[in-house]
Amino acid sequence: MSVFIPFAFAVYGRHSFPHADLAEYLAAVLTITFAAFMGFADDVLDLRWRHKIPLPFLATLPLLLVYYANGNETGVMVPTQLRGLLGDYVELGLFFYLFLLILAVFSTHAINIYAGVNGLEVGQSVVIGTSALILNVVQLHRTPTQHTEYREQHLQSLFLLIPFLAVSLALLRLNWFPSRVFVGDTYCYFAGMTFAAVCMVGHYSKTMVLFMLPQFINFVYSCPQLFKFMGIPNPRHRMPSYDVDRGWVENSYTEVRLAELKAVGKVVFWLLRTFRLAHVLPPDADGVVKVSNLTLINFVLFVMGPCREDVLCLRLLLLQVFCSCMCFAVRFGLASYLFETVL
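For the structure given in this document, a descriptive report is provided here. It should be emphasised that the depicted structure is a prediction, and the values quoted were computed from it without experimental measurement. For every chain, the first residue of the written sequence is number 1, and numbering continues from 1 along that sequence. Thresholds applied to this predicted model are a pLDDT of at least 70 for local features of residues and 80 or more for the giving and counting of side-chain atom pairs; totals over whole chains, interfaces and linings are not thresholded and use all residues. With hydrogens and water set aside, each side-chain value is computed from the structure's full complement of heavy atoms.

Moving on: the overall build of the protein. Only DSSP runs of H or I covering at least 4 residues are called helices, and only runs of E covering at least 2 are called strands; the numbering of each starts at the N terminus. Scanning the protein for helices and strands turns up 14 helices and six strands. Just to be clear, the radius of gyration here is over C-alpha atoms, and the globule rule we use is 2.2 Å times residues to the power 0.38. For a compact globule of 343 residues, the expected C-alpha radius of gyration is about 20 Å, and the protein comes in at 22 Å, within 12% of that figure. Along the three orthogonal principal directions, the C-alpha set of the protein runs to about 80 × 50 × 35 Å. Note on classification: 1.4 Å probe, protein chains only; a residue is buried when its accessible area is under 20% of the maximum for its type, exposed when over 50%, partly exposed between these limits. Taken over 343 residues, the protein has a buried fraction of 48%. Contacts were defined at the residue level, with two residues in contact if any of their heavy atoms lie within 4.5 Å. Excluding contacts between residues fewer than 6 apart, the proportion of contacts in the protein whose partners are at least 24 apart in sequence is 71%. A total accessible area of about 17,800 Å² is found for the protein, and carbon and sulfur atoms account for 68% of it. Counting 23 positive and 22 negative side-chain charges, the protein places the centres of these two groups 4 Å from one another. For accessible areas, the Shrake-Rupley method is used with a probe of radius 1.4 Å. Any residue's cover is judged against the shown protein chains and nothing else. All tallies of charge rest on Lys and Arg as positive and Asp and Glu as negative; His and the ends of each chain are not included. Note that the charge is assigned to NZ on lysines, CZ on arginines, CG on aspartates and CD on glutamates.

Moving on, we come to the environment of Tyr-97. Position of Tyr-97 among the secondary structure elements: in helix H6 (residues 94-113). Overall, Tyr-97 belongs to the buried group, its relative accessible area being 16%. Remark: the alpha-carbon pair of Tyr-97 and Pro-240, spanning 143 residues in sequence, is separated by 37 Å.

With that settled, consider the nonpolar core. Membership of the largest hydrophobic core comes to 59 residues, with the highest contact counts inside it found for Tyr-187, Tyr-204, Met-208 and Phe-211. No other element matches the 13 residues that helix H9 (residues 184-202) contributes to this core. Leaving out residues up to four positions away in the same chain, Met-208 has contacts with Ile-128, Ala-132, Phe-195, Val-198 and Cys-199. Grouping buried Ala, Val, Leu, Ile, Met, Phe, Trp, Tyr and Cys residues that are joined through side-chain atoms within 4.5 Å yields what is termed a nonpolar core.

Looking now at the pattern of salt bridges. Salt bridge criterion: a side-chain nitrogen from Lys or Arg within 4 Å of a carboxyl oxygen from Asp or Glu. In the structure shown here, the tally under the stated rule is four salt bridges. Salt-bridge contacts for Arg-246 lead to Asp-243; the nearest nitrogen and oxygen are separated by 3.2 Å. Looking at Asp-243, the relative accessible area reads 17%, which means it is buried. Among the residues examined, Arg-246 registers a relative accessible area of 45% and is labelled partly exposed.

Inspection of the secondary structure assignment puts Gly-305 in the loop between helix H13 (296-304) and helix H14 (309-338). When neighbours within four sequence positions are excluded, Gly-305 is seen to be in contact with Val-300 and Arg-315.

The next point concerns the packing of aromatic side chains. We call Phe, Tyr and Trp rings a pair once their centres come within 6.5 Å, taking the six-membered ring for Trp, and we label the pair stacked below 30 degrees between planes, edge-to-face above 60, and tilted otherwise. Within the structure shown, the criterion is met by 16 aromatic pairs. Residues Tyr-221 and Phe-299 carry aromatic rings whose centres are separated by 5.7 Å and whose planes lie at 70° to one another, so their mutual orientation is edge-to-face. In this pair, Tyr-221 sits in helix H11 (residues 213-226) while Phe-299 sits in helix H13, placing the two residues 78 residues apart along the sequence. Summarising the aromatic geometry, the rings of Phe-227 and Phe-229 are spaced 6.3 Å apart at their centres and angled 45° between planes, so their arrangement reads as tilted. Phe-227 sits in the partly exposed class, given a relative accessible area of 36%. Here the aromatic residues Tyr-67, Tyr-68, Phe-96, Tyr-97 and Phe-99 are joined through ring pairs into a cluster of three or more.

Every angle, taken between N-to-C directions, lies between 0 and 180 degrees, and every axis is a line fitted to C-alpha atoms, over only the stretch in contact when it is a helix. The interhelical angle for the contact between helix H7 (residues 120-142) and helix H8 (residues 148-175), taken along N-to-C directions, is 150°, at an axis separation of 8 Å. For the element pair H7 / H8, the angle class is roughly antiparallel. Handedness of the crossing formed by H7 with H8: left-handed. Taken together, the residues of the contact of H7 with H8 break down into 17 nonpolar, ten polar and two charged. Angles below 35 degrees are treated as roughly parallel, those above 145 as roughly antiparallel, those between 65 and 115 as roughly perpendicular, and all remaining angles as oblique. Take the far helix as your reference; a near helix turned counterclockwise from it by less than a right angle gives a left-handed crossing, and one turned clockwise gives a right-handed crossing. Amino acid classes used here: Ala, Val, Leu, Ile, Met, Phe, Trp, Tyr, Cys and Pro are nonpolar; Asp, Glu, Lys and Arg are charged; the rest, including Gly, are polar.

Among the structural elements, Asp-42 can be located in helix H2 (residues 19-45). Definition of a polar contact: a pair of N or O atoms within 3.5 Å, with one able to donate and the other able to accept a hydrogen when the atoms are protein atoms, and with sequence-neighbouring residues admitted only if both atoms are side-chain atoms. Within polar-contact distance, the side chain of Asp-42 engages the backbone nitrogen of Leu-47 at 3.1 Å. Side-chain polar atoms of Asp-42 contact the side chain of Lys-52, separated by 3.2 Å. Not counting the four nearest positions on each side in its chain, Asp-42 is found in contact with Leu-47, Lys-52, Asn-112, Asp-185 and Tyr-189.

Now for a nonpolar patch on the surface. Think of a patch as exposed residues, more than 30% relative accessible area, with no salt bridge, where like charges cluster within 9 Å and nonpolar side chains (Val, Leu, Ile, Met, Phe, Trp, Tyr) cluster within 5 Å. The grouping of Leu-210, Val-330, Leu-334, Tyr-337 and Leu-338 at the surface amounts to a nonpolar patch, some 450 Å² of accessible area in total. If you tally residues by element for the nonpolar patch, the top one is H14, at four residues. Inspection of the secondary structure assignment puts Val-330 in helix H14.

Glancing now at unusual backbone geometry. Pro-178 follows Phe-177 through a cis peptide bond whose omega is -10°. On the secondary structure map, Pro-178 appears in the loop between H8 and H9. Here the phi dihedral of Asp-46 falls at roughly 55°; this positive angle occurs in a residue that is not glycine. If you trace the backbone, Asp-46 turns up in the loop between H2 and helix H3 (49-52). With relative accessibility at 46%, the residue Asp-46 sits in the partly exposed group.

Below, the structure is given as structure tokens:
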């Protein structure tokens, strides 16, 4: 990304040089670099979750400070149906910056917890990055030339996405099943923060949330294991188990002692079993029940059955592609019913 700077700004002369755009680009690169370094530290030191969660807050600060200094928008347009009540525009102020911070933390960790299959970490990043690239190109094509600032924002996003996708596509070739390279937390943090940075620079944070819908579903589905008060035990690793005889991957399980569950845990377990949201095995003689780990990966294995690891990865990536297509349908289809002008 640093090497790409001369190509991005070479067309400008000294007197017309966009210093604000360069500052924003450098802040985005610095933020992404901080995140990658934090991922490396996590790989080496095996940090606890209570230490991991606040780290993206610190990494995002340079970009948010430049975002504030450049006077970028901190509000949202109101749908036509609600303008009589709320007006044309709602200024969020500090709450908008809080939303961007939460988005940065979510996107950084969302790639990290939606992992464990050869090719999935890089594959989902390539799909999301390609979706964002297509969005930028489409917006540059359809936006009138008089909207110079809006076009520059999408161009800035492209400058970050092109080198990211070039690196990720090369890495995907080595990370695909059977993997010769394991990406670790370093790439997951790097990819997640890149998505946060490009949507801040390009001003399409709400669209990025839709692009990352599978990651959001995986996070919500994982909450009973991620938060101790919800009662479902969380093992050290929740990756699918491997059947050596057939060469397939299948559900991995966590053990739940029904007698030890608190009220919240009993409600969660009842929901999982009643609505078949997880594979629940009958209790053994000690009253221990095995429940498939609460990840989207295990849920797909539960619904569609065991399979080869590359087949599982393809199914998950097709889900990611489907969600991106739905995002474009909402962004350019449904939005036209809610807003008079859709840029």
